[in-house]
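Structural description and commentary
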Amino acid sequence: MDAHVNDGGSLRFNGIGKVFPGVKALSDISFVAHPGSVHALMGENGAGKSTLLKILGGSYIPDSGNLQIGERPMDFRSAADSIDSGVAVIHQELHLVPEMSVAENLLLGHMPARYGMVNRQMLNRRAAELLKELAGEIDPRERLGNLSLGQRQLVEIAKAMSRNAHVIAFDEPTSSLSAREIDRLMTIIGKLRDEGKVVLYVSHRMEEIFRICDAVTVFKDGRFVRTFEQIDQLDQNQLVTCMVGRDIQDIYNYRPRERQGEALRAEGLLGPGLNEAVSFTAHKGEVLGFFGLVGAGRTELLRLLCGLERLKAGQLVLDGQVLNLKSPRDAIAAGILLCPEDRKKEGIVPLGSVAENINISARHHHAQLGCLVPAQWERENAERQIRALNVKTPSPDQPIMFLSGGNQQKVILGRWLSLSMKVLLLDEPTRGIDIGAKSEIYQIIHNLAAEGIAVIVVSSDLMEVIGISDRILVMSEGALTGEVAREQADEARLLQLALPRTRG
Ligand SMILES: Nc1ncnc2c1ncn2[C@@H]1O[C@H](COP(=O)(O)OP(=O)(O)OP(=O)(O)O)[C@@H](O)[C@H]1O
Ligand SMILES: [Mg+2]
């Protein structure tokens, strides 16, 4: 029997609807994605993109409507049904087992066995083949939990690719990939298109959409808005306007500010991930951007600044006082806060409500100071953050695990914005967040700076760093390689400083 029960035709969504308690996630979604084409799904956080892909992957059963591949109607009751019909969905949340090796994760369910024993050598060899094109540098024997978030994402993608499906759907696959990893993924997606596959692609990153997609369908609040069959006849502004339903003039919301006195001074810092001593000053009321490619040492530097790692050399001076940070607790007490990059991992409390997830840091913070946070304050704070960040939730009491990926990100960000601080460290603050919400987050960053807070933003998004920073420091290979004032910042200059230096 043919492994794939489909005829290689188009993928059709016919009037798909899906309701969750209190939320109409999808209503009457109909559109067609053609073979040999990469079809983007776009829409704001909570628009229903992931829900549609979960229906395609058999994880959810629609309340109404159906799917069709070519002439055949599909009725998926489980993930296995979807896989058997030649569909591969790479979900927004990873579904891997951190305790197992990369190879075991890749070949879970079809491990090569001899005499009933798993043949490790063969397992690792086969895994290496699957990884070759996408991530040849990953050792199949490595424990998955030891990989970076980006590498784990690549393993998940390689796993889906290994099934040689006819329909392949990616839900924000690049949110944690480096520029080089993204390039490799784009090449592979181009190949899938050329082989005549149906590719669905969800991303909030405009440049990716315009780079690899042929068509785009826009959703808003669970409804179909429009399909553009030819993306090359569209410009970014038209697409954004269609998504958010209004014009966004300037998403960065930058306003010039008076630079004030010194807030945090780093003198000759050395620590894990830093190969040369790092010195810089962040001023009150300043947005200081850190640009660099993934692995440049920016996250490691932030970890030193907030007490997650101990300094090997050098010192930190805040408001003229030398700090001795032994733990993040010391940093928080001093007024230095880190909003980490891997916000999912650092922690949502999945069963907790949106309000609890917002207030958790404030609670800890106050407990350390020996006082309780009044329930009234928590209530108001949750409502304030939900409003400020435009979190899409039926109520503050909704369990956070029922929110869309981007809305969970916003809640975690709200957690940090609930605290009083002198220095705010933001690591990739807008990853996975839609363009309307991004703009709102930039506004919040500028407001914090206007209140006199020193905001340090680490980002791999060149346009973002240039758009929001007063000054940009560039890192490469664990060292600071340059400082660029806002007026002098352009893509070429920053990239040049960020690229690894050639050695003679
Ligand atoms: N299991 C669930 N229970 C309750 N509500 C849910 C569930 N899954 C999704 N929702 C809700 O359905 C809506 C659509 O969510 P979905 O995850 O599909 O959005 P999305 O377009 O993928 O957003 P994002 O860009 O943030 O990832 C949201 O309002 C979300 O809170
Ligand atoms: Mg999603």
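Reading guide: rules and limits
Residues numbered from 1 in each chain as written. Chains lettered and ligands numbered in written order. Predicted model: local features only at pLDDT ≥ 70, side-chain atom pairs only at ≥ 80, totals over all residues. Heavy atoms only, no water. Domains from an automatic or database assignment. Contact = heavy atoms within 4.5 Å. Buried area = accessible area lost by both parts, 1.4 Å probe. Donors = N, O, S within 2.8 Å, 3.2 Å for Na, K, Ca; no water. Helix = DSSP H or I, 4+ residues; strand = E, 2+ residues; numbered from the N terminus. Buried < 20%, exposed > 50% of the residue type's maximum accessible area, 1.4 Å probe, protein only. Near = heavy atom within 4 Å. Polar contact = N/O pair within 3.5 Å; in protein donor to acceptor, adjacent residues only side chain to side chain. Areas by Shrake-Rupley, 256 points an atom, 1.4 Å probe, with all protein chains shown as cover. Pairing = 2+ DSSP bridges. Axes fitted to C-alpha atoms, helices over the stretch in contact; angles between N-to-C directions.

Remarks on the domain arrangement of the protein chain
Domain annotation of the protein chain identifies domain 1 (11–244), domain 2 (261–335 + 421–494) and domain 3 (344–418). In this structure, domain 1 and domain 3 have C-alpha centres spaced 29 Å apart. Contacts between the two partners involve ten residues from domain 1, matched on the other side by ten residues from domain 3. Taking both partners together, domain 1 and domain 3 bury about 630 Å²; carbon and sulfur atoms supply 43% of that area.

Structural notes on the coordination of the magnesium ion (ligand 2)
Surrounding the magnesium ion (ligand 2) are the protein donor atoms Ser50 (OG) and Gln92 (OE1), which sit 2.0 to 2.2 Å from the metal. Of the two residues, Ser50 is situated in helix H1 (residues 49–56) and Gln92 in the loop between strand E6 (87–90) and helix H3 (102–107); the sequence distance between them amounts to 42 residues. Note on accessibility: Ser50 and Gln92 belong to one class, buried.

What to know about the site of ligand 1
Not every one of the 21 residues close to ligand 1 is listed here, only the nearest: Gly46, Lys49, Thr51, Ser404 and Gly406. Backbone polar atom of Gly46 to an oxygen atom of ligand 1: 2.8 Å apart, as the coordinates give it. Here an oxygen atom of ligand 1 and a backbone polar atom of Ala47 are 3.2 Å apart. Expressed as a share of its isolated accessible area of 640 Å², the protein-covered part of ligand 1 is 92%.

Focus: the sheet that holds strand E16 (residues 313–318)
The four strands are arranged E14-E13-E16-E17 in an open sheet whose pairing can be described as antiparallel. Each edge of the open sheet is held by one strand with a lone partner, namely strand E14 (278–283) and strand E17 (321–323). Neighbouring strand axes in the sheet, compared pairwise and without regard to direction, differ in orientation by 20° on average. The sheet contact formed by strand E13 (residues 262–270) and E16 spans five bridges and is antiparallel.

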